[in-house]
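Residue-level structural notes
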Amino acid sequence: MSKIVFKKYGSGSTALIAFPGWIHPIENENKFLKLLSQKYIVYSIHLPGYLDNKNSESFYNFSHYCNEIHRELKKINGEQVLVGFSMGCRLIMELEKLYPNDFKKIFVGSPVSSYKISLWAKVLLLNSSIFSLLRKSKTFKNLVVNKALKTITNDRKAVFNGENVTLTGAFDSLIGLIKSESYFEEYIYSTSFIYGKKDHYLQEAKNFNIKNLKVIKNAGHNCVRDNEVKVMGIIDSFIKN
């Protein structure tokens, strides 16, 4: 059975629930985390394989993780704001599909549409026996994770370095992300969206009439780094309104 871990930082009357990016929990942005935790309670969600949370023995879809996340959220008192970073936005969408809520939501670098994969990859995902066997292969996981990393970063030299995430954790969350569904349109009027101007997701997001859209100049997909104070200000303003 998988196990979700919530790591708590800071104090305050409002709790920010940080849903991690792919291979990128909020702890990877230490300066930003320190800023947030000076004003808010920050709960960082650790999926299996993230930070000190051990790998899951089996693969689970996001819906399974969301069942566990929901149980943990019920234990938190006071106002809660859900903050998704890239992949984390999809986790929030899956969570609300299963457990509708009225929490304020902030999406940073949110993917827009569902992911398209090749036919051979679909066959592997549908065949549980083959998939379980390949999941045990370090070579296969390295191949898949590095291919995805090069695509996402648009850097052919990008290599997975395992900062705060194990190879299995990276692989499982990537497959979960690929298998997740997009409910992007359902959030364009109620959610705060933050993108870097150079983020390729922004171009697709502009096709929607997003009510609360903030764009960080001279920033890419990770628009938080080097813009911590600016992003913090956007979050503060949205929570106050």
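Residues numbered from 1 in each chain as written. Predicted model: local features only at pLDDT ≥ 70, side-chain atom pairs only at ≥ 80, totals over all residues. Heavy atoms only, no water.

Quick look at unusual backbone geometry
The condition that has to hold: Relative accessibility under 20% of the residue-type maximum defines a buried residue, over 50% an exposed one, and the middle range a partly exposed one, all with a 1.4 Å probe and only protein chains included. In DSSP terms, a helix is any run of H or I states spanning at least four residues, a strand is any run of E spanning at least two, and both are numbered starting from the N terminus.
With a phi angle near 50°, Ile-23 is a residue other than glycine that sits in the positive phi range. The buried category is assigned to Ile-23, whose relative accessible area is 15%. Unusually for a residue other than glycine, Asn-164 sits at a positive phi of about 70°. Along the chain, Asn-164 falls in the loop between α6 (138-153) and α7 (167-179). Under the relative-accessibility criterion, Asn-164 is labelled partly exposed at 30%.

Observations regarding the nonpolar core
What counts here: Buried Ala, Val, Leu, Ile, Met, Phe, Trp, Tyr and Cys residues that are joined via side-chain atoms within 4.5 Å together make up what is termed a nonpolar core. We call two residues in contact whenever any of their non-hydrogen atoms come within 4.5 Å of each other.
Counting 54 residues, the largest nonpolar core has Phe-6, Ile-17, Phe-19, Trp-22 and Phe-184 as the members making the most contacts within it. Secondary-structure elements contributing two or more residues to this core are β2 (14-19), β3 (41-46), α2 (62-73), α3 (87-98), α6, α7, β6 (192-196) and α8 (200-205). Apart from the residues lying within four places of it in its own chain, the contact partners of Trp-22 are Tyr-50, Met-87, Val-145, Ala-148, Leu-149, Ile-152, Ala-170, Ser-173 and Leu-174. Formed by 25 residues, the second largest nonpolar core is a distinct cluster that contains Tyr-9, Leu-16, Ile-106 and Ile-234.

Notes on the sheet that holds β2
To be explicit about the condition: In this scheme, strands are said to pair when DSSP sees at least two bridges between them. Inter-axis angles, ranging from 0 to 180 degrees, are taken between N-to-C directions of lines fitted to C-alpha atoms, where helices are fitted over the stretch in contact.
Ordered in space as β1-β3-β2-β4-β5-β6-β7, the seven strands form an open sheet in which the pairing is mixed. Unpaired on one side and paired on the other, β1 (5-9) and β7 (212-216) mark the two borders of the sheet. Ignoring strand direction, the axes of neighbouring strands in this sheet form an average angle of 20°. Across five bridges, β6 lies against β7 in parallel orientation. Considered in β7, the bridge of Tyr-195 is made with Val-215.

Notes on the packing of aromatic side chains
Rule in force here: Stacked, edge-to-face and tilted labels apply to pairs of Phe, Tyr and Trp rings (six-membered ring for Trp) whose centres lie within 6.5 Å, assigned for plane angles under 30 degrees, over 60, and everything in between, in that order. By definition, being over a ring means that NZ of Lys or CZ of Arg is both within 6 Å of the ring centre and within 35 degrees of the ring normal.
The final tally for this structure, using the stated rule, is 11 aromatic pairs. A ring pair is formed by Phe-6 and Tyr-43, whose centres lie 6.2 Å apart and whose planes are at 55°; its orientation type is tilted. With a gap of 37 residues between them, Phe-6 in strand β1 and Tyr-43 in strand β3 connect regions that are remote in the sequence. We note that Phe-6, like Tyr-43, is buried. For the pair Phe-131 and Phe-171, a centre-to-centre distance of 5.9 Å together with 20° between the ring planes defines the contact as stacked. Here Phe-171 lies in helix α7 and Phe-131 lies in helix α5 (residues 128-135), a separation of 40 residues in the sequence. Accessibility assignment for this pair places Phe-131 and Phe-171 in one class, buried. Through pairs of rings, three or more aromatic residues link up here, namely Phe-107, Phe-184, Tyr-187, Phe-193, Tyr-195 and Phe-208. Lying over the aromatic face of Phe-238, Lys-104 brings its terminal NZ or CZ to 5.7 Å of the ring centre.

Details of the packing of α6 against α7
Applicable threshold: With respect to orientation, any angle under 35 degrees is reported as roughly parallel, any angle over 145 as roughly antiparallel, any angle of 65 to 115 as roughly perpendicular, and every other angle as oblique. The hand of a helix crossing depends on one turn: near helix anticlockwise from the far one by less than a right angle means left-handed, and clockwise means right-handed. Gly is placed with the polar residues, together with every amino acid not listed as nonpolar (Ala, Val, Leu, Ile, Met, Phe, Trp, Tyr, Cys and Pro) or charged (Asp, Glu, Lys and Arg).
Running from N to C, α6 and α7 point in directions that differ by 60°, and their axes come no closer than 9 Å. Between α6 and α7, the interaxial angle falls into the category oblique. Note on packing geometry: the crossing formed by α6 with α7 is left-handed. Taking contact as the criterion, the partners of Lys-138, Phe-140, Lys-141, Asn-142, Val-144, Val-145 and Ala-148 in α6 are, on α7, Leu-167, Thr-168, Ala-170, Phe-171 and Leu-174. Partitioned by chemical class, the residues of the contact of α6 with α7 number eight nonpolar, two polar and two charged.

Focus: the environment of Leu-95
On the secondary structure map, Leu-95 appears in helix α3. Placed 29 residues apart in sequence, Leu-95 and Cys-66 show a C-alpha to C-alpha distance of 5.2 Å.

Some words on a positive patch on the surface
Note the cut-off: Two distance rules govern patches: like charges are joined within 9 Å, and nonpolar side chains (Val, Leu, Ile, Met, Phe, Trp, Tyr) within 5 Å, applied only to residues with over 30% relative accessible area and no salt bridge. Accessible surface is estimated by sampling points in the Shrake-Rupley manner with a 1.4 Å probe; for residues, cover comes only from the protein chains shown. Salt bridge, as used here, is a side-chain nitrogen of Lys or Arg placed within 4 Å of a carboxyl oxygen of Asp or Glu. Charge convention: Lys and Arg are scored as positive, Asp and Glu as negative, and His as well as the terminal groups of each chain are ignored. Positions of charges follow a simple convention, taking NZ of Lys, CZ of Arg, CG of Asp or CD of Glu.
Together, Lys-197, Lys-206, Lys-217 and Lys-230 make up a positively charged patch on the protein surface. Residue classification places Lys-230 among the partly exposed residues on the basis of a relative accessible area of 48%.

A short note on the side chain of Asp-172
Inspection of the secondary structure assignment puts Asp-172 in helix α7. Asp-172 has contacts with Ser-58, Phe-59, Tyr-65 and Arg-135, leaving out every residue within four places of it along the chain.

Quick look at α6
Working note: α-helix, 3.6 residues per turn, so residues spaced by three or four point in the same direction. Filter applied, for reference: The span one expects for a helix is its residue count, reduced by one, times 1.5 Å.
Over its 16 residues, α6 extends 22 Å from the first C-alpha to the last, a length consistent with the 22 Å expected when each residue adds 1.5 Å. Within the sequence span of α6, burial applies to Phe-140, Lys-141, Val-144, Val-145, Asn-146, Ala-148 and Leu-149. Taken from the residues just after α6, Asn-154 is the one with a positive phi, measuring 55°.

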